[in-house]
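Report on the structure
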Amino acid sequence: MPNERLRAAMASGGWTHAALAHASGVDPKSVERWINLGRTPRRVTALRAAEVLGEDVHTLWPALRQARTARAVSPELVALYAQRADLPVSVFAELLAQAQRRIDVLVYAAVFLHEAYPRLNDLLSERATEGCSVRIAVGDADSANVQQRGQEEAFGHGIESRCRLALMHYRPLLGLPGIEVRTHGTTLYNSLYRADEQVLVNAHVWGVNAFAAPVWHLRRNNRGGMFDTYMESFDAVWETARPVER
């Protein structure tokens, strides 16, 4: 197709084919092809011609616009999974087992952990004995947000029952040094499974059960990154959560 932008730029500046060709260091027939056939010159030539015309080279020849090199969304991103069901529970267990200083878990229920890995309480107790701080926040079954989530996911009272079941699973840990269990009634945008400087983030999607929602694995890279954003979120929820009595 004809390059009408180039034609207009030349007409506006009073440039003939021969004059632009001479200024650009090409044959007049080349300029004619640029205009009438829509040919794209080599980048160096195009830059010279655009400078002569006082125009942006990409406006005259959009094909010369180079796509930016693709890059990771964040240097903290280790892996991205289409849904939580793609991860075996061993991934969660192994991550928590690596923790030396801190384990934080923020969920509504996540009973899949205890169901598929019966040693979870032993693992958490062992980490606490080794000096690791363990904080577990599960959903308050009586809270409006938990009940609303059940309606949105067409799960009904099932999510409330699973919150109570999760609390039953964690009760043997109550009172152990280094371990705290609390219940929260906040809107849960993400379930978080943190071990020191790493976290598995199970994003929540409206109307979709958590097992079918995406998970991203983050490793802290620098201050103020994605990892810190999620951990600040955890701390904010933790402050509102109520300690569970023995």
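Residues numbered from 1 in each chain as written. Predicted model: local features only at pLDDT ≥ 70, side-chain atom pairs only at ≥ 80, totals over all residues. Heavy atoms only, no water.

1. Focus: the packing of aromatic side chains
Centre distance and the angle of the planes are the two values used to describe a pair of aromatic rings. Going by this rule: Pairing of aromatic rings covers Phe, Tyr and Trp, the last through its six-membered ring, and needs centres within 6.5 Å; plane angles under 30 degrees mean stacked, over 60 mean edge-to-face, and all others mean tilted. In this text, helices come from DSSP runs of H or I with a minimum length of four residues, and strands from runs of E with a minimum of two, each type numbered from the N-terminal end. Relative accessibility decides the category of a residue: with a 1.4 Å probe and only protein chains considered, values under 20% of the type maximum give buried, values over 50% give exposed, and everything between is partly exposed.
Per the stated rule, a full pass over the model turns up five aromatic pairs. With 6.4 Å between their ring centres and 70° between their planes, Phe112 and Tyr193 make a pair best called edge-to-face. Note that Phe112 is positioned in helix α7 (residues 112-116) and Tyr193 in strand β5 (residues 190-195), a separation of 81 residues in sequence. Comparing Phe112 with Tyr193, the two get one shared label, buried. A ring pair is formed by Phe234 and Trp238, whose centres lie 5.8 Å apart and whose planes are at 15°; its orientation type is stacked. A residue pair is termed a helical-turn pair when its members lie 3 or 4 positions apart in one helix, as Phe234 and Trp238 do in helix α11 (residues 226-240) at four residues. Take Phe234 and Trp238: they sit in the same class, and that class is buried.

2. Considering the sheet that holds strand β3 (residues 133-139)
Applied cut-off: In this scheme, strands are said to pair when DSSP sees at least two bridges between them. Contacts are assigned to residue pairs with any non-hydrogen atoms lying within 4.5 Å of each other. Every axis in this analysis is a line fitted to C-alpha atoms, fitted for helices over the stretch in contact. Angles between the N-to-C directions lie between 0 and 180 degrees.
Ordered by their spatial adjacency, eight strands build an open sheet running β1-β7-β6-β5-β2-β3-β4-β8, and the pairing between neighbours is mixed. Two strands bound the open sheet, and with one partner strand each, they are β1 (77-81) and β8 (242-243). Taken together, the five bridges between strand β6 (residues 198-203) and strand β7 (residues 215-219) define a ladder with antiparallel strand orientation. From the neighbouring strand, Leu200 faces β7, where its bridge partner is His217. Docked against the sheet, α11 engages β2 (102-106), β3, β4 (179-184), β5, β6, β7 and β8, running at close to 105° with respect to β5.

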